[in-house]
There are 2 protein chains.
Amino acid sequence: METVRVVLGGRSYPIHIGAGALDDAALYGPQPGAGRVAVISNPVVAGLYLARVKAALARAGAEPAVEVLVEDGEQAKSWASLERVFDALLGARLGRDSVIVALGGGVVGDLAGFAAAVYQRGIPFIQVPTTLLAQVDSSVGGKTAVNHARGKNMIGAFHQPAAVIADVGALGTLPERELRAGIAEVIKHGFALDADLVAWLEANMARLLAREADALAHVVRRSCELKAAVVAADERESGRRALLNLGHTFGHAIEAGAGYGAWLHGEAVAAGMVMAAELSVRAAGLAPADAARVRALLEQAGLPVRGPAMAPDRYLELMALDKKAARGRTRFVLLERVGQAAVHADVDERLVRDVIAAASPPAPAAAAR
Amino acid sequence: METVRVVLGGRSYPIHIGAGALDDAALYGPQPGAGRVAVISNPVVAGLYLARVKAALARAGAEPAVEVLVEDGEQAKSWASLERVFDALLGARLGRDSVIVALGGGVVGDLAGFAAAVYQRGIPFIQVPTTLLAQVDSSVGGKTAVNHARGKNMIGAFHQPAAVIADVGALGTLPERELRAGIAEVIKHGFALDADLVAWLEANMARLLAREADALAHVVRRSCELKAAVVAADERESGRRALLNLGHTFGHAIEAGAGYGAWLHGEAVAAGMVMAAELSVRAAGLAPADAARVRALLEQAGLPVRGPAMAPDRYLELMALDKKAARGRTRFVLLERVGQAAVHADVDERLVRDVIAAASPPAPAAAAR
């Protein structure tokens with residue numbers, strides 16, 4: 001078992017990483033929630049791991065008073081799901097001293113985390129991420145949210161978990177496509193922050209795709225360390241934390257334009273990273289050979305390197321709505337070299353259009369002409 | 001113009017108090033929200049003050065991009081109102097650097113504050129409270145929330161405003177009943193925290209009810225000072241801040257039991273304070289003469305000193321749901337003497353029943369026998 005500590009003053013917390021971690025009662029803390037615990041999960045993950053988590057909680061002196069299962073997929077990050085959670089918690093009269101355990105991937109974590117952020121103005125929560133994406137990314141840093149018809153993650157809060165329990169053993173049951181989507185975020189951490197991680201991935205991608213426990217633990221630990229350092233320096237995403245959004249401005253447009261759920265988040269980020277890398281060559285001095293490394297590593301992981309058929313105008317419209325737009329201007333996270341990203345606010349729109357056109361198939365309307 | 005500063009590290013903010021304050025462009029800050037501002041209000045208050053606030057914002061370099069009017073009353077603190085606010089903000093593409101101005105009473109402040117707390121994971125907001133209750137209480141301390149069918153303020157966040165602009169001139173148009181309801185919270189501040197304020201109120205109630213600007217400014221300033229000191233010591237309500245809930249455990253039960261809106265919050269707190277004072281005589285050693293001072297001052301202000309016709313069992317049921325219930329036990333804020341409140345967790349339920357029975361008319365069912 002390894003532990004990465006996220007240092008945020010009174011909101012600091014540990015990330016425990018290892019095979020079998022979710023069975024370790026001690027990691028949930030002494031009598032979590034004064035014994036009053038709500039577990040939020042989805043039917044698939046609950047079928048696989050809920051009994052084990054409940055057994056561990058029971059050994060820690062807590063019996064879940066409430067279990068709420070939400071459907072899988074981004075559409076579950078909704079007001080309707082939140083209402084179901086609040087109804088269940090209030091129905092069981094859970095007070096401010098209770099705890100929410102989020103058992104599942106990013107959707108469950110984001111939803112359960114936001115529920116914990118606002119239930120009775122905030123109660124603690126423990127993340128038990130069961131996807132690679134959640135273990136390397138969404139369970140670190142305290143970002144929680146639900147979606148709005150007009151944009152993803154538009155309603156949310158910064159709410160740090162009390163602890164994260166990342167059991168790489170749970171990744172054995174992860175669908176292949178979700179494993180690859182998680183690897184997209186690991187690749188992102190490498191290109192944005194750590195050239196050594198990029199080199200490690202280039203040499204070890206096959207081990208990762210074969211789900212070797214050591215390889216999985218390595219990328220989870222390294223990703224958590226990298227993200228924890230960034231978050232510690234910039235909890236509220238006013239500066240350095242924005243670097244973690246490499247590929248996300250394009251990626252969010254892909255997710256929104258294709259309809260939430262059609263593309264996995266990691267898949268959209270992968271195609272978005274290719275666009276960001278191409279834009280970096282044009283606007284941030286990235287060597288073309290390094291942009292080629294971005295594309296090659298994503299292809300090695302079996303990830304998409306082109307966006308969906310969508311007109312550049314539609315991309316630009318969706319990107320303008322992105323939360324990172326400052327004063328109506330879309331800001332881009334670009335690579336200056338491998339392992340070093342920076343935020344660029346003044347990118348010529350023509351360059352953005354070029355990159356989109358080059359990395360997307362023609363939009364249907366245009367193709368019909 | 002007077003300014004009380006709420007000291008909360010990076011979340012510190014000023015409360016500006018005075019007649020005409022809402023016209024003072026400088027108080028809104030230099031170019032608030034980079035010029036992108038949403039004003040949230042209700043139709044009555046907007047009819048009286050929106051044009052003046054917009055004129056002041058324009059002088060500060062900001063033009064409201066969005067105005068959202070919600071209905072008046074507790075029922076407006078709903079998911080539906082929140083959705084309207086988010087639709088409007090996203091429709092106008094307000095980004096993270098925009099600002100929400102809350103123009104109105106506690107309902108508008110709680111709703112707009114919570115919207116600001118979670119819109120794109122949190123944007124700044126400026127409170128322009130136009131009721132005495134909001135000026136002396138709800139706009140100080142960062143508590144924001146909406147209601148849930150199962151309880152008031154059950155979904156919310158701690159989100160401090162960037163500034164509070166408390167214009168006592170705006171209290172001239174306040175309905176009489178709301179003025180009195182606001183005075184209930186001033187009386188609460190006195191009995192819980194400051195015997196001098198109690199004595200001042202006993203001597204000056206007539207001036208306050210006549211809305212003399214000096215008298216209003218005095219109680220707003222003193223209340224803000226008292227509350228600011230408590231909040232500075234205990235932002236998240238784990239300890240001392242609970243003292244501000246004197247009368248609220250009973251009061252919330254009255255509000256919920258009577259149906260939100262039937263009793264004004266301050267009216268429910270007034271009747272709740274009488275119950276808390278009587279319970280204090282039985283369980284916290286308060287002198288009976290001091291409990292009589294509580295009742296007499298509330299009567300002087302024309303406030304209710306008895307609860308609605310509701311059985312003690314119903315009170316107890318509603319109080320058990322109250323957020324301040326720790327581990328299933330209802331905690332009470334009791335007076336040990338005038339100006340000194342304390343939290344009591346182990347109060348004999350029979351004493352609570354006695355006090356409710358003495359301070360409420362018989363419940364209809366019992367009366368029919």
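Details of the structure are given in the entry above.
Residues numbered from 1 in each chain as written. Chains lettered and ligands numbered in written order. Predicted model: local features only at pLDDT ≥ 70, side-chain atom pairs only at ≥ 80, totals over all residues. Heavy atoms only, no water.

J.: An account of the overall build of chain A is needed here, citing residue identities and associated values.
T.: Helix and strand counts for chain A stand at 13 helices and 11 strands. A globule of 369 residues ought to have a C-alpha radius of gyration of about 21 Å, and chain A, at 20 Å, matches this closely. Based on the C-alpha atoms only, the size of chain A along its principal axes is roughly 60 × 40 × 40 Å. Across chain A, contacts joining residues at least 24 apart in sequence account for 76% of those joining residues at least 6 apart. Treating the 39 positive side-chain charges of chain A as one cloud and the 39 negative ones as another, the clouds have centres 4 Å apart. (Helix = DSSP H or I, 4+ residues; strand = E, 2+ residues; numbered from the N terminus. Rg over C-alpha atoms; globule rule 2.2 N^0.38 Å. Contact = heavy atoms within 4.5 Å. Lys, Arg positive; Asp, Glu negative; His and termini not counted. Charge placed at Lys NZ, Arg CZ, Asp CG, Glu CD.)

J.: Explain the interface of chain A and chain B residue by residue, including any values.
T.: Contacts between chain A and chain B engage 36 residues on the former and 36 residues on the latter. Roughly 3,500 Å² of surface becomes buried between chain A and chain B when both sides are summed, with 55% attributable to carbon and sulfur atoms. Among the residues chain A hides against chain B, the three largest losses belong to Trp79, Arg96 and Arg121 of chain A. Together they make up 23% of the total. Inspection of the chain A/chain B interface yields 0 salt bridges. On inspection of chain A and its partner chain B, the count reaches 10 residue pairs in polar contact (both at pLDDT 80 or more). Where the side of chain A that touches chain B is concerned, the elements lending two or more residues are α2 (79-91), α3 (106-118), β7 (143-148), β8 (151-158) and α11 (312-320) of chain A. Among the elements that make up the side of chain A that touches chain B, the one with the highest residue count is α2 of chain A (7 residues). Partitioning the side of chain A that touches chain B into residue classes produces 17 nonpolar, 6 polar and 13 charged. (Buried area = accessible area lost by both parts, 1.4 Å probe. Salt bridge = Lys/Arg side-chain N within 4 Å of Asp/Glu carboxyl O. Polar contact = N/O pair within 3.5 Å; in protein donor to acceptor, adjacent residues only side chain to side chain. Nonpolar A, V, L, I, M, F, W, Y, C, P; charged D, E, K, R; others polar.)

J.: Tell me about helix α8 (residues 248-258) of chain B, and please be specific about residues and values.
T.: Residues and elements named next belong to chain B. Of all 11 residues in α8, 8 are buried; the element is thus mostly enclosed. Tucked inside the fold, the buried residues of α8 contact β8 (151-158), α5 (176-193), α9 (265-283), α11 (312-320), β10 (332-337) and α12 (349-359). Positive backbone phi, approximately 90 degrees, marks Gly259, located one or two places after α8. (Buried < 20%, exposed > 50% of the residue type's maximum accessible area, 1.4 Å probe, protein only.)

J.: Tell me what's going on with the relation of the copies chain A and chain B, and back it up with residues and numbers.
T.: With an axial shift of 0.0 Å and an RMSD of 0.0 Å, the rotation relating chain A to chain B amounts to 180 degrees. Accordingly, the operation relating the two chain copies is best matched by a two-fold axis. Both copies present the same face, since 100% of the interface residues in chain A are matched by interface residues at the equivalent positions in chain B. (Least-squares fit on C-alpha atoms with pLDDT ≥ 70 in both.)

J.: Before we move on, can you summarise the environment of Ala283 of chain A with the specific residues and values?
T.: All names here are of chain A. In this structure, Ala283 sits in helix α9 (residues 265-283). On the accessibility criterion, Ala283 (31% relative accessible area) is partly exposed. Taking the C-alpha atoms as reference points, Ala283 and Asp346, 63 residues apart in sequence, are found 9.4 Å from one another. If sequence neighbours within four positions are ignored, Ala283 has contacts with Leu334, His344, Val347 and Leu351.

J.: Pulling in residues and values, what's your account of the pairing of strand β10 (residues 332-337) of chain A?
T.: Residues and elements named next belong to chain A. As paired elements, β10 and strand β11 (residues 340-344) share 5 bridges and run antiparallel to each other. Opposite Arg337, over in β11, you have Gln340 as the bridge partner. If you look at the hairpin formed by β10 and β11, you'll find 2 residues sitting between the two strands, and Gly339 has a positive phi there, around 90 degrees. (Pairing = 2+ DSSP bridges.)

J.: Give me the lowdown on the packing of α9 of chain A against helix α12 (residues 349-359) of chain A, citing residues and values where you can.
T.: If you want to describe how two helices pack, look at the angle between their axes and the distance between the axes. Residues and elements named next belong to chain A. Closest axis-to-axis distance for the α9/α12 pair is 9 Å, and the angle between their directions is 140 degrees. Here α9 lies oblique to α12, going by the angle between them. The handedness of the crossing between α9 and α12 is right-handed. Facing α9, whose interface residues are Met275, Glu278, Leu279, Arg282 and Ala283, α12 presents Leu351, Val352, Asp354, Val355, Ile356 and Ala359. Its residues assigned to classes, the contact of α9 with α12 shows 8 nonpolar, no polar and 3 charged. (Axes fitted to C-alpha atoms, helices over the stretch in contact; angles between N-to-C directions. Parallel < 35°, antiparallel > 145°, perpendicular 65-115°, else oblique. Left-handed = near helix turned anticlockwise from the far one by under 90°.)

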